[in-house]
Amino acid sequence: MKKVLNRVPEVTGSFWIVKVLATTVGETAADYLSVTLNLGLSVTSYIMSGVLLIALWNQFRLKRYVPVSYWIVVVFMSITGTLITDRLVDELGVSLMTTTIVFSVVLLAVFALWYLKEKTLAMHSINTAKRELFYWVAILFTFALGTATGDLLAEALKLGYAQSALVFGVLIAIVTGGYYYFRMNAVLAFWIAYILTRPLGASIGDLLSQPAKNGGFGLGTVETSMLFLSIIVSLVIYLSLKQKQPAPLPIDRQD
C-alpha cells in the first residue's frame, strides 16, 4: 500500500517558534524593502509575489514536507501578506478596521469552501495538492488579517507595540489553555493560534525595529530582520537534520 505523506510539518513547539519568527521577519523585511530601500509598496509587492510563486511551485513539486522549502514559503507568504494589507491601507486609503473585517470574512469563506470540498480543515491531513492549495490560501489571508489586526491595535487604536504584543500573547495563552485543559477542538485551536501569532510577531518586529519616538527600541529593520532570519535558518537546519535521522530499530525482547 502506498504511503501518503503529509506536506506540512507536525505542530510542535519548534513549529510555533519558527512561525512567530517568520511573521516578525515578514513585518520587518516588508518595511525594509519598501521604505528603507525606497522600492515602494507596489514594486516590493510585485517582486515578493513573484518569489513567492516560485517558492510555491517548488513546494508543490516536492509533494512532501521538506523543512527548507516549507519555511521559505512561510517567510515569503508572511512578507506578501503584510504587503497586501499595507497597500490597501497606505495606497488605496482603506481603513484598518475595514481591512480587518474584510479579511476576516474572506478567511472564513476560504475555510467554509475548504471544509465543503474536503470535509476537514485538519493540519495533519494536508496530503493532496487540493488540500495544500487551500492550506496556503488560508495562510496567506491569516497573514493579511494579522497585519491589519496588529496595526489596528498598535497604531489606529494607539495601544502601542508592546501592549499589542502582550494582548495577543495573552489571547494565545487562553487558546492554549482551552486546548490543553478544556478540550477545545484541536483544529479550531490551531487556526485561531495561527491567526494570532501573526499580529504577535508583527508587534514584536515593530517594537524592536521602530525608533524610540514611535514607541520602539530602535534596532532598525535590517538588524531585526537579520537577527530573526539567522535564528530561523539555524532552526530549519536543525529540523532538516532531525528529519534525516533514521528511526531507531525495534529492540527484540526475550521473555
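Before reading further, recall that the structure is shown in the block above.
Every value quoted in this text rests on a predicted model; they were computed, and no experiment measured them. (Residues numbered from 1 in each chain as written. Predicted model: local features only at pLDDT ≥ 70, side-chain atom pairs only at ≥ 80, totals over all residues. Heavy atoms only, no water.)

1. Some details on the overall build of the chain
Keep this limit in mind: Numbering of helices and strands runs from the N terminus; a helix is a DSSP stretch of H or I covering at least four residues, while a strand is a stretch of E covering at least two. Computation of the radius of gyration draws on C-alpha atoms alone. For the globule rule, the value is 2.2 Å times the number of residues to the power 0.38. Burial status follows relative accessibility: with a 1.4 Å probe on protein chains alone, a residue under 20% of its type maximum counts as buried, one over 50% as exposed, and anything between as partly exposed. Throughout, a contact is declared for two residues whenever any of their heavy atoms are within 4.5 Å. Only the protein chains shown count as covering a residue, and every accessible area follows the Shrake-Rupley method with a 1.4 Å probe. The sign given to each residue is positive for Lys and Arg and negative for Asp and Glu; His and the chain ends receive no count. Charged groups are reduced to one reference atom each: NZ for lysine, CZ for arginine, CG for aspartic acid, CD for glutamic acid.
The secondary structure content of the chain amounts to eight helices and zero strands. Scanning the chain from its N terminus toward the C terminus, one meets helices and strands in the order α-α-α-α-α-α-α-α. Here the C-alpha radius of gyration of the chain, 19 Å, is about what a compact globule of 255 residues would show, namely 18 Å. When the backbone C-alpha atoms are referred to their principal axes, the chain occupies close to 70 × 40 × 40 Å. When burial is assessed residue by residue, the chain has 47% of its 255 residues classed as buried. In the chain, the share of contacts with a sequence separation of at least 24, taken over all contacts with a separation of at least 6, comes to 74%. Accessible area of the chain: about 13,800 Å², with a carbon and sulfur share of 68%. Averaging the positions of the 19 positive and the 14 negative side-chain charges in the chain gives two centres separated by 12 Å.

2. Observations concerning the nonpolar core
The cut-off we apply is this: Among the buried residues, those of types Ala, Val, Leu, Ile, Met, Phe, Trp, Tyr and Cys that are joined through side-chain atoms within 4.5 Å form a nonpolar core.
With 51 residues, the main nonpolar core has Tyr70 and Trp191 as its most contacted residues. Sorting the residues of this core by element identifies helix 1 (13-36), helix 2 (40-62), helix 3 (67-91), helix 4 (96-118), helix 5 (129-156), helix 7 (186-209) and helix 8 (221-244) as the ones contributing at least two each. Considering every element that reaches this core, the biggest residue donor is helix 5, with nine residues. Not counting the four nearest positions on each side in its chain, Tyr70 is found in contact with Arg7, Val8, Pro9, Phe15, Gln59, Tyr65, Tyr135, Trp136 and Tyr194. Among the nonpolar cores identified, the runner-up in size contains nine residues, and Leu153, Ala165, Val175 and Leu200 belong to it.

3. Digging into unusual backbone geometry
Even without being glycine, Asn38 reaches a positive phi, approximately 60°. Checked against the element boundaries, Asn38 lands in the loop between helix 1 and helix 2. A positive phi angle, close to 65°, is found at Lys119, a residue other than glycine. By the element assignment, Lys119 lies in the loop between helix 4 and helix 5. Its relative accessible area of 56% is what places Lys119 among the exposed residues.

4. A look at the pattern of salt bridges
Pairs can form between side chains of opposite charge whenever their charged atoms are close. What counts, and what does not: A pairing counts as a salt bridge when a side-chain nitrogen of Lys or Arg comes within 4 Å of a carboxyl oxygen of Asp or Glu.
According to the stated counting rule, one finds five salt bridges in the structure shown. Its salt-bridge partner being Arg198, residue Glu27 comes within 3.3 Å of it at the nearest N-O pair. Placement of Glu27 in helix 1 and of Arg198 in helix 7 is noted, with a sequence separation of 171 residues between them. The pair formed by Glu27 and Arg198 is uniform in burial state, with each residue classed as buried.

5. Observations concerning the packing of aromatic side chains
Put simply, the rule reads: Stacked, edge-to-face and tilted labels apply to pairs of Phe, Tyr and Trp rings (six-membered ring for Trp) whose centres lie within 6.5 Å, assigned for plane angles under 30 degrees, over 60, and everything in between, in that order. Note on criteria: charge over ring means Lys NZ or Arg CZ within 6 Å of the ring centre, with the direction from the centre no more than 35 degrees off the ring normal.
Inspection of the entire model under this criterion finds 22 aromatic pairs. Pairing Tyr70 with Tyr135 gives two aromatic rings, centres 6.5 Å apart and planes at 40°, and the pair type is tilted. Of this pair, Tyr70 sits in helix 3 while Tyr135 sits in helix 5; the two residues are 65 residues apart in sequence, bridging distant segments of the chain. Residues Tyr70 and Trp136 carry aromatic rings whose centres are separated by 5.2 Å and whose planes lie at 45° to one another, so their mutual orientation is tilted. Linking Tyr70 in helix 3 with Trp136 in helix 5, this pair joins segments that are 66 residues apart in sequence. Each member of the pair Tyr70 and Trp136 is classed as buried. Cation over ring: Lys19 sits above Tyr194, and NZ or CZ is 4.2 Å from the ring centre.

6. Notes on helix 3
Think of an α-helix as 3.6 residues a turn; residues three or four steps apart then line up on the same face. The test is simple: Each helix should span, by expectation, one fewer than its residue count multiplied by 1.5 Å.
For helix 3, which comprises 25 residues, the first-to-last C-alpha distance of 35 Å matches the rise-based estimate of 36 Å (1.5 Å per residue) to within 8%. Gly93 sits one or two residues past helix 3 and shows a positive phi near 75°.

7. Overview of the environment of Arg183
With respect to the helices, strands and loops of the structure, Arg183 is situated in the loop between helix 6 (161-181) and helix 7. A residue is classified by how much of its surface remains accessible, and Arg183, at 82% relative accessible area, is exposed. For Arg183 and Val106, which are 77 residues apart along the polypeptide, the C-alpha to C-alpha distance reads 27 Å.

8. Observations concerning a nonpolar patch on the surface
Spelled out, the test is: Here the term patch refers to residues with relative accessible area over 30% and no salt bridge, with like charges joined within 9 Å and nonpolar side chains (Val, Leu, Ile, Met, Phe, Trp, Tyr) within 5 Å.
A cluster of nonpolar residues, Leu159, Leu166, Val167, Val170, Leu171 and Ile174, forms a patch on the protein surface that exposes about 500 Å² of accessible area. Note that Val167 resides in helix 6. Looking at Val167, the relative accessible area reads 32%, which means it is partly exposed.

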